Amino acid sequence: MGKKLFRVYVAVSLDSYVARSGGAVDWLDDYDPAEFNFEAFLDQIGTLIIGRRTFDQVMSYGAWPYGDRRTIVLTSHPLDNDAPENTVAFGGSLMDLADALRNERLDNGDVWVVGGASVINQFLFANLVDKLELFVIPVVLGEGIALFGKDTSHLNPVPVSTHIYKSGVVRMEYKLK
């Protein structure tokens with residue numbers, strides 16, 4: 001059994017925003033996830049960690065796009081009854097959660113820290129992310145929800161690879177820790 005990686009796989013605008021100020025991601029609508037091999041990425045994922053606002057936003061789109069993968073929603077409130085199967089609420093320590101996931105014997109794939117930005121920043125601040133995959137979308141928002149906060153200035157990402165897609169999107173992969 002290989003080491004379970006904690007991964008951030010996220011789209012950002014050219015000026016490093018993950019969403020508009022109100023949380024909208026409509027600026028991503030013109031880009032097809034298939035171009036970026038999203039399904040191949042998802043095949044490597046066994047567990048999703050997602051913040052409550054991002055979870056509620058994804059739920060508002062209709063059908064749950066992540067199948068029956070285990071999903072851990074970071075929240076202090078119970079989930080609605082229509083939450084997807086294999087979805088649980090978690091309000092405890094991120095360190096304890098990360099330790100439990102890294103040490104479990106179940107070999108069901110890597111852990112995707114989905115977001116939003118606050119959740120990603122908490123994992124980055126605690127040095128819990130192994131791999132950072134940024135998809136830089138050639139759009140300038142001017143303002144919005146920034147991917148990186150001041151608490152992540154200690155990071156020393158090591159470049160692994162880059163790829164430019166036909167759409168102009170640039171994928172940048174970094175190793176962390």
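Rules used throughout
- Residues numbered from 1 in each chain as written.
- Predicted model: local features only at pLDDT ≥ 70, side-chain atom pairs only at ≥ 80, totals over all residues.
- Heavy atoms only, no water.
- Pairing = 2+ DSSP bridges.
- Helix = DSSP H or I, 4+ residues; strand = E, 2+ residues; numbered from the N terminus.
- Axes fitted to C-alpha atoms, helices over the stretch in contact; angles between N-to-C directions.
- Contact = heavy atoms within 4.5 Å.
- 1 Å grid on protein atoms, 1.4 Å probe; cavity = no way out; pocket = protein on both sides within 12 Å on 5 of 7 lines; lining within 4 Å.
- Points joined across faces, edges and corners; volume = space filled by probe spheres on them.
- Salt bridge = Lys/Arg side-chain N within 4 Å of Asp/Glu carboxyl O.
- Buried < 20%, exposed > 50% of the residue type's maximum accessible area, 1.4 Å probe, protein only.

Draft legend 1. View of the sheet that holds strand 1 (residues 6-13). Judged by pairing direction, the sheet is mixed, and its eight strands sit side by side in the order 5-4-3-6-1-7-10-9 without closing on themselves. The sheet is open, and its two borders are formed by strand 5 (87-90) and strand 9 (158-164), each paired with just one other strand. For this sheet, the mean angle separating the axes of adjacent strands, direction not counted, is 20 degrees. Running at roughly 170 degrees to strand 4 (residues 70-74), helix 3 (residues 94-103) makes contact with strand 1, strand 3 (45-51), strand 4, strand 5 and strand 6 (110-115) of the sheet. Across the face of the sheet, helix 4 (residues 117-125) comes into contact with strand 1, strand 3, strand 4 and strand 6 while running at roughly 130 degrees to strand 6.

Draft legend 2. Spotlight on the layout of surface pockets. Roughly 1300 Å³ of volume is contained in the largest pocket. In terms of lining residues, the largest pocket is bounded by 43 residues, among which Val25, Leu28, Thr54, Tyr66 and Val114 are the most central. For the lining of the largest pocket, the secondary structure elements donating two or more residues are strand 1, strand 2 (17-19), helix 2 (52-60), strand 6, helix 4 and strand 7 (131-137).

Draft legend 3. View of the pattern of salt bridges. Scanning the entire structure with this criterion turns up 11 salt bridges. Its salt-bridge partner being Asp130, residue Lys3 comes within 3.5 Å of it at the nearest N-O pair. A residue pair is termed long-range when its members are at least 10 positions apart, and Lys3 in the segment before strand 1 and Asp130 in the loop between helix 4 and strand 7 qualify at 127 residues. We note a salt bridge from Glu104 to Arg70, for which the minimum N-O separation is 2.5 Å. In this pair, Glu104 is assigned in the loop between helix 3 and strand 6 and Arg70 in strand 4, connecting sequence segments 34 residues apart. Using a relative accessible area of 17% as the deciding quantity, one classes Glu104 as buried. Taking the relative accessible area as the measure of exposure, Arg70 reaches 22% and is therefore partly exposed. Among the ionic contacts, a cluster of salt bridges with common partners joins Arg7, Asp110, Lys131, Glu133, Arg171 and Glu173.

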